[in-house]
Amino acid sequence: MSAAVADPEPAVFAALADPTRWRVLGMLAQQGEGTATTLAAELPVSRPAVIKHLGVLDRAGLVTRRRAGREVRYRVEPARLDETARRIADLANAWDTRLAALKALAEER
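Every chain's residues receive numbers from 1 upward, in the order its sequence appears when written. For this predicted model, a pLDDT threshold of at least 70 governs which residues receive local features, and a threshold of 80 or more governs which side-chain atom pairs are given and counted, while totals over whole chains, interfaces and linings are taken from all residues. With hydrogens and water set aside, each side-chain value is computed from the structure's full complement of heavy atoms.

1. Looking at the packing of helix α2 (residues 19-31) against helix α4 (residues 47-59)
The axes used here are C-alpha line fits, helices contributing only the stretch in contact, and every angle between their N-to-C directions lies in the interval 0 to 180 degrees. Counting from the N terminus, the helices are DSSP H or I runs at least four residues long and the strands are E runs at least two residues long. Viewed as axis vectors pointing N to C, α2 and α4 meet at an angle of 80°, and their least axial separation amounts to 10 Å. By the criterion of interaxial angle, the relationship of α2 to α4 is roughly perpendicular. Residue-level inspection shows T20, R21, V24, L25 and L28 of α2 in contact with α4, the latter providing H53, L54, V56 and L57. Classes in brief: Ala, Val, Leu, Ile, Met, Phe, Trp, Tyr, Cys and Pro nonpolar; Asp, Glu, Lys and Arg charged; the others, Gly included, polar. Class assignment of the residues belonging to the contact of α2 with α4 gives a composition of six nonpolar, two polar and one charged. For classification, angles of less than 35 degrees are called roughly parallel, those exceeding 145 degrees roughly antiparallel, those between 65 and 115 degrees roughly perpendicular, and all remaining angles oblique. Contacts are assigned to residue pairs that have any heavy atoms within 4.5 Å of one another.

2. Overview of the confidence of the model for the protein chain
Residues with a pLDDT of 70 or more make up 93% of the protein chain, whose mean pLDDT is 90. Along the chain, pLDDT gives the predictor's confidence residue by residue, from 0 to 100. Scored below 50 in pLDDT, residues 1-5 shows 11 contacts in the model against residues more than four places distant or in partner chains.

3. Description of the environment of A106
Looking at where A106 falls in the secondary structure, it is placed in helix α5 (residues 78-108). Each C-alpha atom, one on A106 and one on K52, is 51 Å from the other, the two residues being 54 residues apart in sequence.

4. Topic: the side chain of R73
Note on placement: R73 falls in strand β2 (residues 71-76). Here a polar contact is recorded for every N or O atom pair within 3.5 Å, except that within protein the pair must consist of a potential hydrogen donor and a potential acceptor, and residues adjacent in sequence are included only if both atoms are side-chain atoms. A polar contact of 3.0 Å, which involves the side chain of R73, links it to the side chain of E71. Those residues within four positions of R73 in sequence are excluded, and the remaining contacts are E33, G34, T35, T64, R65, R66 and A68.

5. Things to note about the pairing of strand β1 (residues 63-68)
Sheet topology places β1 next to β2; six bridges connect them, and they run antiparallel. Paired with T64 across the two strands is R75, which belongs to β2. Two strands make a pair as long as DSSP finds a minimum of two bridges between them. Here β1 folds back onto β2, and the loop between the two strands holds two residues, one of which, G69, carries a positive phi near 70°.

6. Some thoughts on the nonpolar core
V24, L28, L39, V50, L54 and L62 are the most contacted members of the largest nonpolar core, which totals 19 residues. Every element with two or more residues in this core is listed here: α1 (8-16), α2, α3 (36-40), α4 and β2. Here this core gets four residues from one element, more than from any other, and that element is α2. Setting aside residues no more than four positions away along its own chain, L62 makes contact with V12, A15, L16, L25, L57, R75, V76, E77, R80 and L81. Note on terminology: a nonpolar core comprises buried Ala, Val, Leu, Ile, Met, Phe, Trp, Tyr and Cys residues joined through side-chain atoms within 4.5 Å. We call a residue buried when its accessible area falls under 20% of the maximum for its residue type, exposed when it is over 50%, and partly exposed in between, using a 1.4 Å probe and counting protein chains only.

7. Describing the pattern of salt bridges
Salt-bridge detection follows one rule: a side-chain nitrogen of Lys or Arg within 4 Å of a carboxyl oxygen of Asp or Glu. Tallied over the entire structure, the rule returns eight salt bridges. The shortest N-O distance in the salt bridge between E107 and K103 comes to 3.9 Å. Taken together, the positions of E107 and K103, both in helix α5 and four residues apart, correspond to about one turn of that helix. In terms of burial, E107 and K103 fall into one category: exposed. Linked through salt bridges whose partners overlap, the residues forming this network are E33, R66, E71, R73 and R75.

This is the structure:
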């Protein structure tokens, strides 16, 4: 299981900023789960590189891992993405409210 991150957004944004990690996350979402070996087979990076990318995603709380025999299987953790999306939506709503207030103030004059 992933360790909790105190303020997840910086870790989430840093993890998602890398195109390879974004692709790994997309592949896991589409496939349901995968291993470093199965993911590396579909990517132009080595298995050790995929393991490092999965570690970043895991520390950000974007994936969970479980051991199945000798394999470590990863799957997307949608709760972390949902939480971040909600916080972004809240920020967008706050800005919309501020902009509407500015517009109303400007139109009064």
